[in-house]
Amino acid sequence: MTTLETGGIVGAGLDRVDAPLKVTGSAHYPNDFSLPGMVHAALVGSTIAAGRITDIDVSSALAAPGVLDVITHLTAPKLERGPMTLLGGSPPAPLQDDRVLHYGQHIGIVVAESPEQARHAARLVRVEYETGKAVLDVDDPRAEILTNPWGLDTERGDVVAGFAQSDVVIEGTYTTPDNTNNPLGLMTTLASWHGDAVTLHDSTQWPHNVRTSLATIFKVPESGIRVLAPFVGGGFGAGLRVWSHVILTVLAARQAKRPVKLVLTRPEMFSSVGHRPNSVQQIKIGATRDGTLVAIEHHGISSVAMEDDDYEPVSYGSAHSYACPNVLTRDRQARLNIPCPGSMRAPAEAQGSFALESAIDEVAHSLGMDPLDIRLRNYAEKHPILGLPWSSKALRECYTEGAERFGWSRRTPEPGSMRDGRWLVGYGVAGVSYPFFQAPCQARASVRRDGSAYVRSASTDIGTGTYTVMTQLAAGLLGLDVTRVRFDLGDSDMPYSPMAGGSGLTGALAGAVHTSCRRLVQEFLDVVGTDSRSPLRGAMLDDVTVTDGRIHRIADPEQGESYVDILARHGLEELSADGRSTPPQTDELGMAIAGAFGAKFVEVRIDLDLGLLRVARVVSVIDGGRILNEKTATSQIVGGTVGGISQAMFEETATDRGTGRIANATFGDYLMPVNADVPDMEVLFVGGPDRATPVGTKGVGEVGLVGLAAAIGNAVHHATGRRIRSLPITIDQLML
């Protein structure tokens, strides 16, 4: 039964099915919920970056109006550290000793009748410290260095010999700063205990991880924990882990024996829910005169917290991006007194692609080659490490189609040669990819007596369009109009789903929905298998298809009947089926499983006198496998493009090197692009379904950001002749 080819629903630019709830204010986000008897919490943060608490006086806070409790390391119970997850270890449990490891560390929580009372009382807590000397820079000789922390360092060929054979060798150091996830919705947790069971409304991108982690931390049965997140106000990776404020809210609710709600403040978002770590990258590339890459050496070091880990292999992308025979990549991490880093949109690739794609441009300039030509010349037809064919790859089409749409042929080669009045004009390009990621997933599908379908899984929709694309997919698989299908998510009591992150949810969830819907059609065939009254008697799954709520034989469409008739005749209210997906395996398929690919073309303009940088146009051409909904997929690429512009030109989390305090932890001080900074954008999709999965998707959430910083930097060089190797690109770097 090739149901994906029926119905014409998948791929259509369907409007978001959750849009009416959102535009009418009826979509309930975690901070919209309240419960009878609910009280409120506020956090106490450390005012040093390293040291110990020698005294903590909570008497004034406890005496303040409305205060019910103040919990510190002196009164908190023993809490276990959370378990190992798909993303690595859990952050340390809070309030377990007197040590301070970063500025803003949660060292107490206040519970009061109102949020204002809680915040006031939190300011009354008096803390004395024995201050240590904080380690805040990756080049601090006191920093502990982790070598090859993920076991992903690579080496093929002989880079020393490769450089010796090269006609041109370029090398440089590229730096990227800390960036902070800033979803519009402040992270919120509302916890309510009922005996040994607890229910949470939480701003999470992974409800099952919250459930599993809290069961370990509080030593309670996982079956008694329910996590609800039907709508989440953005995340960009900030909601992938169980952070200490979630644990403290659950602890406070258990101690108070009342529901407790905690909403982080904007400054607390900068120190509580992760950030993109800074990086320092040394890259060296050698090539022959005709532009053939001979050797690539890429070393990266990034920051990590004192007692945590974070997955940021910034150099790893250089190992498989180009067909180069001699490649060495090495990654390290430096332990610092900083808040725990975490995933932020396009983790590792956002930083690594800036260095690699900028350096490729430097090689092209040194050789007098067109930057697009050098990328095409070194195109990797097979996976450079595995030597296997890709499950899909349309990057060449991304380059050629993008160049045509962008008008790349109008580019004149000499830097500074294109002008429009007082504006210098520059064109830049970057080739991009984001590696394949997928985790096991489950879903359940039901068809009811009225002919409607209900499909669910415990995933989340952080604005990516999961509600919509899964409604479309289920409708196509079951042969129903989308108005007859309800897809539900955001509840840990539903079948298991992995995180919404890493461009992996759509593939994992689509596979589970695909399987559950196929099994559901099989359930109907089983019901009528021996039914002499049914024209489907004895039919096999591959013999039938589904159209307009009706199962019928492919060979004879007149031979069939509706879901409604089958259920009614057999006295059934509904039929249900469970499905699961498992990640494809390279050794089983004999293919290198591909993530998304793309090409980014950028035009910048720079004021000749003021050094003012403006992005004028962006064309993104993406190979994302099967596109389930072109409208929501385009929205993802547009959003990622804005994030890439932000990384390139605006974002930098500034830490005071004397205290470890984040100095710009507000929307007034942390720069991000506004509407006037966002240019005309064109998004195109090329390629077809990926061969590794039944639905053929590859995910487009992360790849939209990758490469924008490099493309902008390359365009700046074309406009000015200046090679910018540190982000963000600011006016002082461009004053001519």
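Procedures and definitions
Residues numbered from 1 in each chain as written. Predicted model: local features only at pLDDT ≥ 70, side-chain atom pairs only at ≥ 80, totals over all residues. Heavy atoms only, no water. Helix = DSSP H or I, 4+ residues; strand = E, 2+ residues; numbered from the N terminus. Rg over C-alpha atoms; globule rule 2.2 N^0.38 Å. Buried < 20%, exposed > 50% of the residue type's maximum accessible area, 1.4 Å probe, protein only. Contact = heavy atoms within 4.5 Å. Areas by Shrake-Rupley, 256 points an atom, 1.4 Å probe, with all protein chains shown as cover. Lys, Arg positive; Asp, Glu negative; His and termini not counted. Charge placed at Lys NZ, Arg CZ, Asp CG, Glu CD. Polar contact = N/O pair within 3.5 Å; in protein donor to acceptor, adjacent residues only side chain to side chain. Phe/Tyr/Trp six-rings, centres within 6.5 Å; stacked < 30°, edge-to-face > 60°. Lys NZ or Arg CZ within 6 Å of the ring centre and 35° of its normal. Core = buried A, V, L, I, M, F, W, Y, C linked by side-chain atoms within 4.5 Å. Expected span 1.5 Å × (residues − 1). Salt bridge = Lys/Arg side-chain N within 4 Å of Asp/Glu carboxyl O. Pairing = 2+ DSSP bridges. Axes fitted to C-alpha atoms, helices over the stretch in contact; angles between N-to-C directions. pLDDT = per-residue confidence, 0-100. Right-handed = clockwise from strand over helix to strand, strands pointing away. Parallel < 35°, antiparallel > 145°, perpendicular 65-115°, else oblique. Left-handed = near helix turned anticlockwise from the far one by under 90°. Nonpolar A, V, L, I, M, F, W, Y, C, P; charged D, E, K, R; others polar.

**Q** Could you give an account of the overall build of the protein chain, with specific residues and numbers?
**A** Across its full length, the protein chain carries 17 helices and 28 strands. At 27 Å, the protein chain has a C-alpha radius of gyration in line with the 27 Å of a compact globule built from 736 residues. Viewed in the frame of its principal axes, the protein chain has a C-alpha envelope of about 80 × 70 × 50 Å. Counting every position in the protein chain, which comprises 736 residues, the buried fraction comes to 60%. In the protein chain, 80% of the contacts between residues at least 6 apart in sequence involve partners at least 24 apart. As displayed, the protein chain has an accessible area near 27300 Å², and 50% of this comes from carbon and sulfur atoms. For the protein chain, the centre of its 65 positive side-chain charges and the centre of its 84 negative side-chain charges are spaced 1 Å apart.

**Q** Can you break down the side chain of N326 residue by residue, with the values?
**A** Locating N326 in the fold gives a position in strand β16 (residues 326–336). Engagement of the side chain of N326 in a polar contact is seen with the backbone nitrogen of D158, the distance being 2.8 Å. The contact partners of N326, leaving out residues within four places of it in the chain, are R156, G157, D158, V159, G162, V294, A295 and I296.

**Q** Tell me about the packing of aromatic side chains, and name the residues and values.
**A** The full count for this structure, using the stated rule, is 13 aromatic pairs. Look at W390 and F597: their rings are 5.3 Å apart centre to centre, the planes differ by 85°, and that puts the pair in the edge-to-face class. Note that W390 is positioned in the loop between α9 (371–377) and α10 (395–406) and F597 in strand β26 (residues 596–607), a separation of 207 residues in sequence. Residue classification places W390 among the buried residues on the basis of a relative accessible area of 9%. These aromatic residues form a ring-pair network of at least three members: F406, W408, Y427 and F601. Residue placement shows R254 over the ring face of W193; its charged tip is 5.5 Å from the ring centre.

**Q** Which residues make up the nonpolar core, and what values go with them?
**A** Side chains of nonpolar character tend, in soluble globular proteins, to be buried together. By size, the foremost hydrophobic cluster in this structure holds 68 residues, and its most contacted members are I285, F601, V604, L613 and I712. Apart from residues no more than four positions distant in its own chain, I712 is found in contact with V602, V604, L613, V615, I645, A648, M649 and I729. Within the second largest apolar cluster, 46 residues are counted, among which are L473, L478, A500 and V528.

**Q** I'd love a proper account of the environment of T468, names of residues and values included.
**A** Along the polypeptide, T468 turns up in helix α11 (residues 466–478). T468 has contacts with L14, D15, R16, V17, D18 and N629, leaving out every residue within four places of it along the chain. Within polar-contact distance, the side chain of T468 engages the backbone nitrogen of V17 at 3.0 Å.

**Q** Could you give me a rundown of helix α15 (residues 630–649), with the residues and numbers involved?
**A** For α15, with 20 residues, the first-to-last C-alpha span of 28 Å sits near the 28 Å given by 1.5 Å per residue. With a side-chain oxygen positioned 2.9 Å from the backbone nitrogen of K631, the residue opening α15 is N629.

**Q** Break down the pattern of salt bridges for me, with residues and values.
**A** What the rule picks out here adds up to 36 salt bridges. Note that R241 and D308 form a salt bridge whose closest N and O atoms lie 2.7 Å from each other. Here R241, found in the loop between β12 (225–228) and α6 (244–256), pairs with D308, found in the loop between β15 (293–305) and β16; they are 67 residues apart in sequence, far enough to count as distant. Residue class for R241 comes out buried when judged on its relative accessible area of 14%. Classification of D308 by relative accessible area gives buried; the value is 4%. For R486, the salt bridge is made with D488, and the minimal N-O distance between the two is 2.6 Å. By relative accessible area, which is 45% here, R486 ends up partly exposed. Salt bridges sharing common partners tie together D420, E603, R605 and R617.

**Q** Can you lay out unusual backbone geometry for me, pointing to particular residues and giving the numbers?
**A** For the bond from L727 to P728, the omega torsion is -5°, close enough to zero to count as cis. Looking at where P728 falls in the secondary structure, it is placed in the loop between α16 (708–720) and α17 (731–734). Notably, N148 is not glycine yet its phi reads approximately 50°, a positive angle. Checked against the element boundaries, N148 lands in the loop between β7 (145–147) and β8 (154–156). Although it is not a glycine, A346 adopts a positive phi angle of roughly 60°.

**Q** Explain the sheet that holds strand β10 (residues 188–194) to me, and be specific about the residues and the numbers.
**A** Pairing between the strands of a sheet comes from backbone hydrogen bonds, and it takes one of two forms, parallel or antiparallel. Spatially, 7 strands are ordered β3-β5-β1-β13-β10-β11-β12 in an open sheet, and the strand pairing comes out mixed. What marks the edges here is a single partner per strand, and that holds for β3 (67–72) and β12. Averaged over all pairs of adjacent strands, the angle between strand axes in this sheet comes to 20°, irrespective of strand direction. Where β10 and strand β13 (residues 260–263) come together, 4 bridges link them in antiparallel fashion. Across the sheet, L190 pairs through a bridge with K261, a residue of β13. Packed onto the sheet, helix α5 (residues 207–218) meets β10, β11 (197–202) and β12 and runs at close to 145° relative to β12.

**Q** Report on the environment of G11, specifying residues and quantitative values.
**A** Topologically, G11 is positioned in the segment before α1 (19–23). Owing to a relative accessible area of 26%, G11 belongs among the partly exposed residues under this scheme. Separated by 458 residues in sequence, G11 and V469 have C-alpha atoms that sit 8.7 Å apart. When residues no more than four places from it in sequence are discounted, the contact partners of G11 are Q472, I627, L628, N629 and E630.

**Q** With reference to specific residues and values, describe the confidence of the model for the protein chain.
**A** With 99% of its residues at a pLDDT of 70 or more, the protein chain has an overall mean of 97. Note that residues 1–7 has pLDDT below 50 and, in this model, 20 contacts with residues that lie over four places away or in other chains.

**Q** Before we move on, can you summarise the pairing of strand β21 (residues 485–488) with the specific residues and values?
**A** Looking at chain direction, strand β20 (residues 453–456) and β21 are connected through 4 bridges and run parallel. Paired with V455 across the two strands is F487, which belongs to β21. Handedness of the β20-α11-β21 crossover: right-handed.

**Q** Which residues make up the packing of α5 against α6, and what are the values?
**A** For the pair α5 and α6, interaxial distance at closest approach is 11 Å and the crossing angle is 55°. It follows that α5 is oblique to α6 by the angle criterion. Handedness of the crossing formed by α5 with α6: right-handed. Note on element contacts: α6 touches α5 through I247, V250, L251 and R254, opposite L214, I217 and F218. Of the residues in the contact of α5 with α6, the class split is 6 nonpolar, no polar and 1 charged.

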